[in-house]
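Structural features, examined
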Amino acid sequence: MVYQSAHLFLRDHIPSTFYYFVFFSTVCSYNLHWWLTHHSATGSERLQWAVQNKSLHFILFIAGAAGAAVFFVGLRQHWLWIGLGGILTFLYTAPKIPQRIFVGLRKVAIGKTIFLAMVWMYITTILPFLVSGQEWQASFTWFSGSRFFLIYAICILFDYRDREDDRADGIRSMITYFDEKGINKLFFASLLLFIISTLLLYGKWLGAIDIFVLLVPGLILGMLFNYAKRNFSDYFYYGVLDGLMMLSALLMMLVRI
């Protein structure tokens, strides 16, 4: 996803250390989140595995933190923007920390879904633009919007699947608050905004092929919506739905070949 942002708008001019930093930071934050997750009302095989392998999650969390720290040294001049990404990441996981100050974050009605979509978009789209040192352009704004609304639509389905777990943990989100019709409207509104912000890139910044490739994951997601609300398989969610976030980047690599 970082590659896609750099390829489309930065002519691939981005420090190689940034890719390594994002990799290790992802390993760190992902494993911290699962290390702090203790139960599931849905009987998820993935979560059962996580509970049984907490020591592995902790080791990977430490390894990811160490790797991120090493590669941060070469990016330290961008500490402010990288720090903002760290704060967004922390806000998503913070409600799982069993301390009073963090437990209070569970009552933030919109926090969970928006923070997760925001951090994925920020790290893979906005942060590469900022680290590149280029002046901010309108194309960066529209592409950031395109990325955010696609990721947000995917996150809505994950939150729909996990809503019983969130209710059990006292975590409020728009998905636990809305009824079925409200969730449907929120999902398709996000998908519509994704399509609009993507189409606004056509002509001046991107060609027809790039636009089509960017739209493909959203079109597939829309077709899978009803199926995703019935099938909560870990393989489907973590393999297919998660995979849609990077699908357009993989397709662009194939087009270049």
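In case you missed it, the structure is sitting above this.
Computed from a predicted model, the values in this text were never measured in an experiment.

In this section: helix 5 (residues 79-93). In a regular helix each residue adds 1.5 Å, so 15 residues correspond to 21 Å; helix 5 covers 21 Å between its end C-alpha atoms and thus fits that length. Taken as a whole, helix 5 has its buried residues at I82, G85, L88, Y92 and T93. For helix 5, the buried positions fall inside an angular range of 140° around the axis, keeping them on one side.

The tally for this structure, following the rule as stated, stands at 26 aromatic pairs. With centroids separated by 5.9 Å and ring planes inclined at 75°, the aromatic side chains of F129 and W136 adopt a geometry described as edge-to-face. Relative accessible area serves as the criterion here: at 0%, F129 is assigned to the buried category. Residue W136 is classed as partly exposed on the basis of its relative accessible area of 39%. Taking the centre distance of 4.2 Å and the plane angle of 20° together, the rings of F187 and F225 count as stacked. Of this pair, F187 sits in helix 11 (residues 180-199) while F225 sits in helix 12 (residues 208-228); the two residues are 38 residues apart in sequence, bridging distant segments of the chain. Each member of the pair F187 and F225 is classed as buried. A network of ring pairs unites the aromatic residues Y30, W34, F158, Y160, Y227, F232, F236, Y237 and Y238 as a single cluster. In this arrangement the basic side chain of R161 is found over the ring face of Y237, its NZ or CZ atom lying 4.9 Å from the centre. Across the ring face of Y160, the terminal group of K229 is positioned such that the distance to the ring centre comes to 5.3 Å.

Interhelical geometry of helix 8 (residues 138-161) versus helix 11 gives an angle of 155° and a closest axis separation of 8 Å. Taken as axis vectors, helix 8 and helix 11 run roughly antiparallel relative to one another. Helix-helix and strand crossings are classified by hand; for helix 8 and helix 11 the assignment is left-handed. Contacts between helix 8 and helix 11 involve W142, G145, S146, R147, F149, L150, Y152, A153, I156, L157 and Y160 from the former and E180, I183, L186, F187, S190, L191, L193, F194, S197 and T198 from the latter.

Another point: the environment of S146. Tracing the sequence through the fold places S146 in helix 8. S146 sits in the buried class, given a relative accessible area of 0%. S146 sits 101 residues away from L247 along the chain, and the two C-alpha atoms are 14 Å apart. Among the polar contacts made by the side chain of S146, one reaches the side chain of T198 at a distance of 2.6 Å.

The subject of this paragraph is the pattern of salt bridges. Scanning the model with the defined rule gives 3 salt bridges in all. For D234, the salt bridge is made with R161, and the minimal N-O distance between the two is 3.4 Å. Linking D234 in helix 13 (residues 234-241) with R161 in helix 8, this pair joins segments that are 73 residues apart in sequence. Accessibility classification places D234 together with R161 in one group, the buried group. Note that K229 and E180 form a salt bridge whose closest N and O atoms lie 2.8 Å from each other.

Moving on, we get to the environment of L219. Mapped onto the elements of the fold, L219 is located in helix 12. Given the relative accessible area of 45%, L219 is considered partly exposed. Separated by 103 residues in sequence, L219 and L116 have C-alpha atoms that sit 21 Å apart.

Scoring rules and cut-offs
- Residues numbered from 1 in each chain as written.
- Predicted model: local features only at pLDDT ≥ 70, side-chain atom pairs only at ≥ 80, totals over all residues.
- Heavy atoms only, no water.
- Helix = DSSP H or I, 4+ residues; strand = E, 2+ residues; numbered from the N terminus.
- Expected span 1.5 Å × (residues − 1).
- Buried < 20%, exposed > 50% of the residue type's maximum accessible area, 1.4 Å probe, protein only.
- Arc of directions from axis to C-beta.
- Phe/Tyr/Trp six-rings, centres within 6.5 Å; stacked < 30°, edge-to-face > 60°.
- Lys NZ or Arg CZ within 6 Å of the ring centre and 35° of its normal.
- Axes fitted to C-alpha atoms, helices over the stretch in contact; angles between N-to-C directions.
- Parallel < 35°, antiparallel > 145°, perpendicular 65-115°, else oblique.
- Left-handed = near helix turned anticlockwise from the far one by under 90°.
- Contact = heavy atoms within 4.5 Å.
- Polar contact = N/O pair within 3.5 Å; in protein donor to acceptor, adjacent residues only side chain to side chain.
- Salt bridge = Lys/Arg side-chain N within 4 Å of Asp/Glu carboxyl O.

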